[in-house]
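Understanding the architecture of this molecule
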Amino acid sequence: MKTKNVADEVLKAALRLFAEQGYANTSVQQIVQAAGVTKGAMYHYFTSKDDLLFAIYERMLSLQKRRLDEITAEGGETESVLRAVCEDVVVTSIDFLPEGTVFFRSQHMLTPERQAEVKRRRREYHDKFAELIVQGQGEGRFRDDVPVPVLIAHFFSDIHYLPHWYSHDGPEDKAELAAQITELFLRSLRRTDG
């Protein structure tokens, strides 16, 4: 095995084992055996099992934040930008469905420091997402009778529920599903009082 692939192999093995038998029931020894590496090689990249769980989710967090920044930097009409952001977060959440599923099932087992880091990173994303809603409210396009945090929770509850029902083998294409969930959210945001 090439050295540059050790971190990826360890992450893949950890993800598979965490999904199959749970985070608490998976040992570091099982992970390194499944990855075909030594503990020393694993510890070169990851300091602990906690570090692995965080790394599994961090890849998705980083991608989604980078995509959010790219989409908002392109600019455009507020609703169009928000539509692109929403569709992207649905698609990337589906692309990382195993990672998200394992993380949400096990996040309570992270150290308090790691939990605080995840919370900070998610808050950073949500704050930028909220700016788009507030901008649309300022333009008179989006309703302002519901607090912004409630509107955000409404959208992201759909995203966090995906692992309970979405299947890559099912009839729903991820792009089409992203468009449908986004349109439902945008309809709930639009002002209806003229």
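All values reported here derive from a predicted model rather than from experimental measurement. (Residues numbered from 1 in each chain as written. Predicted model: local features only at pLDDT ≥ 70, side-chain atom pairs only at ≥ 80, totals over all residues. Heavy atoms only, no water.)

Another point: the overall build of the protein. When helices and strands are counted, the protein shows nine helices and zero strands. Going from the N terminus to the C terminus, the protein shows its helices and strands as α-α-α-α-α-α-α-α-α. Seen through its principal axes, the protein has C-alpha atoms that stretch 65 × 35 × 30 Å. Relative to its full complement of 194 residues, the protein shows a buried share of 43%. Taking the intrachain contacts of the protein between residues at least 6 apart in sequence as the baseline, contacts between residues at least 24 apart amount to 70%. For the protein, the accessible surface area stands at approximately 10,300 Å², while carbon and sulfur atoms represent 51% of it. Counting 25 positive and 30 negative side-chain charges, the protein places the centres of these two groups 5 Å from one another. (Helix = DSSP H or I, 4+ residues; strand = E, 2+ residues; numbered from the N terminus. Buried < 20%, exposed > 50% of the residue type's maximum accessible area, 1.4 Å probe, protein only. Contact = heavy atoms within 4.5 Å. Areas by Shrake-Rupley, 256 points an atom, 1.4 Å probe, with all protein chains shown as cover. Lys, Arg positive; Asp, Glu negative; His and termini not counted. Charge placed at Lys NZ, Arg CZ, Asp CG, Glu CD.)

The next subject is the pattern of salt bridges. When their charged atoms lie close together, side chains carrying opposite charge are able to pair. For the coordinates displayed, the defined rule picks out 23 salt bridges. Lys12 is the salt-bridge partner of Glu9, the closest N and O atoms lying 3.6 Å from each other. In this pair, Glu9 and Lys12 are both assigned in helix H1 (residues 6-21), three residues apart and thus about one turn of the helix distant. By relative accessible area, Glu9 is classed as partly exposed at 26%. Using a relative accessible area of 53% as the deciding quantity, one classes Lys12 as exposed. Ionic pairing is found between Asp145 and Arg143, a salt bridge with its closest N-O pair at 2.8 Å. (Salt bridge = Lys/Arg side-chain N within 4 Å of Asp/Glu carboxyl O.)

Let us now look at the confidence of the model for the protein. For the protein, per-residue confidence averages 92 on the pLDDT scale, and residues scoring 70 or more make up 97% of the total. When pLDDT is averaged over each helix and strand of the protein, the minimum, 90, is found for helix H6 (residues 97-106) and the maximum, 97, for helix H5 (residues 78-95). (pLDDT = per-residue confidence, 0-100.)

To continue, consider the packing of H1 against helix H2 (residues 28-35). Running from amino to carboxyl end, H1 crosses H2 at an angle of 125 degrees, the nearest separation of the two axes being 8 Å. If you check the angle between H1 and H2, you find them oblique. For the pair H1 and H2, the sense of crossing is right-handed. For the pair H1 and H2, the contacting residues are Glu9, Val10, Ala13, Ala14, Arg16, Leu17, Phe18 and Gln21 in the first and Gln30, Ile31, Ala34 and Ala35 in the second. Across the contact of H1 with H2, the residue classes break down as eight nonpolar, two polar and two charged. (Axes fitted to C-alpha atoms, helices over the stretch in contact; angles between N-to-C directions. Parallel < 35°, antiparallel > 145°, perpendicular 65-115°, else oblique. Left-handed = near helix turned anticlockwise from the far one by under 90°. Nonpolar A, V, L, I, M, F, W, Y, C, P; charged D, E, K, R; others polar.)

In this section: helix H4 (residues 49-74). The end-to-end C-alpha separation of H4 is 38 Å, in line with the 38 Å expected for 26 residues at 1.5 Å each. Remark: the principal bend of H4, roughly 30 degrees, maps to Tyr57. Of the residues flanking the start of H4, the one acting as N-cap is Ser48, its side-chain oxygen 3.4 Å from the backbone nitrogen of Asp50. A positive backbone phi angle near 75 degrees is found at Gly75, which sits one or two residues after H4. (Expected span 1.5 Å × (residues − 1). Bend = angle between axes of the 7 residues up to and from the residue. Polar contact = N/O pair within 3.5 Å; in protein donor to acceptor, adjacent residues only side chain to side chain.)

With that out of the way, let us pick up the environment of Glu183. Inspection of the secondary structure puts Glu183 in helix H9 (residues 174-189). For the pair Glu183 and Glu87, spaced 96 residues apart in the sequence, the C-alpha separation amounts to 9.2 Å. Apart from residues no more than four positions distant in its own chain, Glu183 is found in contact with Arg83 and Arg190.

Right, let's get into the side chain of Thr78. With respect to the element layout, Thr78 can be found in helix H5. For Thr78, a relative accessible area of 2% puts it in the buried group. Not counting residues up to four positions away in its chain, the partners in contact with Thr78 are Leu132, Gln135, Gly136, Glu139 and Phe142.

Take the side chain of Thr182 next. Tracing the backbone through its elements, the reader meets Thr182 in helix H9. There is a polar contact of 3.3 Å between the side chain of Thr182 and the backbone nitrogen of Glu87. Ignoring sequence-local partners within four residues, the contact set of Thr182 consists of Arg83, Cys86 and Glu87.

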